[in-house]
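Examining the three-dimensional arrangement
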Amino acid sequence: MLGLFTKKANTLLGIDISSTSVKLLELSRSGSRYKVEAYAVEPLPPNAVVEKNIAELEGVGQALSRVLAKAKSGVKTAAVAVAGSAVITKTIEMEAGLSEDDLENQLKIEADQYIPYPLEEVAIDFEVQGPAPRNPERVEVLLAACRKENVEVREAALALAGLTAKVVDVEAYALERAYGLLEAQLGAGHDEMTVAVVDIGATMTTLSVLHNGRTIYTREQLFGGKQLTEEIQRRYGLSVEEAGLAKKQGGLPDDYDSEVLQPFKEAVVQQVSRSLQFFFAAGQFNDVDYILLAGGTASIPDLDRLIQQKIGTQTLVANPFADMALSSKVNAGALASDAPALMIACGLAMRSFD
């Protein structure tokens, strides 16, 4: 196997800065097979990131330094993401055959009507999606815009850890890229599949619905694993740290399962069901083929079974690493339990191979 997985100079670390932790992942690739070279997760100080906005730059920078040391990766360039709620995306039709520069100039003129901020405060990017379905003389262009401060604060946090941000992506697109690895696990006939990816983080649950592998709907709501941690704290008189640890490692009193965990799992089922109802109400779908659970909360034992039983849709816990090789310094057990929480980091690390 030696020398198969060559490390390219363009390797990017996928770094996901969530509300409670920073997650780092480094991948290499040989042919179509990926290998996990390094990964680590490091908790963030409380309130360093609030609802996906970096509030304390220093705290995030220090956590990034620690996660880098823990992962023992020598790579110094990274891909990070901004939350979908911070980004305005719009598909617009333009003349086919324009050069990149002409497209850019034209878009700057057009962008004004789609973006509610002064253009000098905005970072803009675009990608040609292909010919317009109704007019072959025109192309569809995806325009993405985000306030510069959202991008700059992430670049600054990485810089504090000695890293350079080479790519700033959108969380939904990173998730979509990682989802591409899971399609094969969902079995036959996945060309026309509609899949709901429910990412349950600490404070935020994001529903992304993918049809034919493309995101067609996203919705965020305030709900997450932190509610379980707070209930453990309240009921058993523990600190945040103790409650978080007990939630992961066990050792709580006998009534924990029935009195605390079960009601929380029921609440998750309700949130998933409600999110899907919003999606069905929004348009052309009244069913999904699969529910994929991502985020830290997805690793709660039997949560997938409960959701499948109550909602009646086949439910799986996302593991983008199921078919990957692992480097000797990666702890396979730890990676497997963190896998559902590493979807965005994985999609970002895959930018190395674009």
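Each chain carries its own residue numbering, running from 1 in the direction its sequence is written. Where local features are concerned, this predicted model is filtered to residues with pLDDT of at least 70; where side-chain atom pairs are given and counted, the filter is 80 or more; whole-chain, interface and lining totals use all residues. Water and hydrogen atoms were dropped before computing side-chain values, which therefore reflect all heavy atoms in the structure.

The protein chain is annotated in an unreviewed UniProt entry as Type IV pilus assembly protein PilM of Ectopseudomonas composti.

1. Brief notes about unusual backbone geometry
Of all residues except glycine, most have a negative phi; of all peptide bonds, most are trans. Selection criterion: Helix and strand labels come from DSSP, where a helix needs a run of H or I of at least four residues and a strand needs a run of E of at least two; each type is numbered from the N terminus. Burial classes: relative accessible area under 20% of the type maximum marks a residue as buried, over 50% as exposed, and values in between as partly exposed (1.4 Å probe, protein chains only).
With phi around 65°, Asn47 is a residue other than glycine that occupies positive phi space. Along the chain, the position of Asn47 falls in the loop between strand S3 (33–43) and strand S4 (49–50). Exposure remark for Asn47: the relative accessible area of 51% places this residue in the exposed category. In the Ramachandran plot, Lys72 falls in the positive-phi region, its phi being about 55° despite a non-glycine side chain. Inspection of the secondary structure assignment puts Lys72 in the loop between helix H1 (57–71) and strand S6 (77–82).

2. A word on the UniProt feature "domain: SHS2" (unreviewed entry) in the protein chain
Definition in use: UniProt positions are given in the numbering used here, feature names are shortened, and annotations may be inferred rather than shown by experiment.
Within this structure's numbering, the places UniProt gives as "domain: SHS2" (unreviewed entry) are residues 12–179. Within residues 12–179, the helical portion is 29% and the strand portion 45%, while the C-alpha atoms at the span's ends are 19 Å from each other.

3. Thoughts on the pairing of strand S14 (residues 290–294)
For clarity, the cut-off: Any two strands with at least two DSSP-identified bridges between them are counted as paired. A crossover counts as right-handed when, viewed with the strands pointing away from the observer, the path leading from the first strand over the helix to the second turns clockwise.
Counting buried positions along S14 gives 5 out of 5 residues, so the element sits mostly inside the fold. Residues of S14 alternate between two faces, with Tyr290, Leu292 and Ala294 on one and Ile291 and Leu293 on the opposite face, all of them buried. Strand direction decides the pairing type here: S14 and strand S15 (residues 315–317), joined by 3 bridges, are parallel. Opposite Leu293, over in S15, you have Val317 as the bridge partner. Viewed along the sheet, the connection from S14 through helix H8 (residues 303–311) into S15 turns out right-handed.

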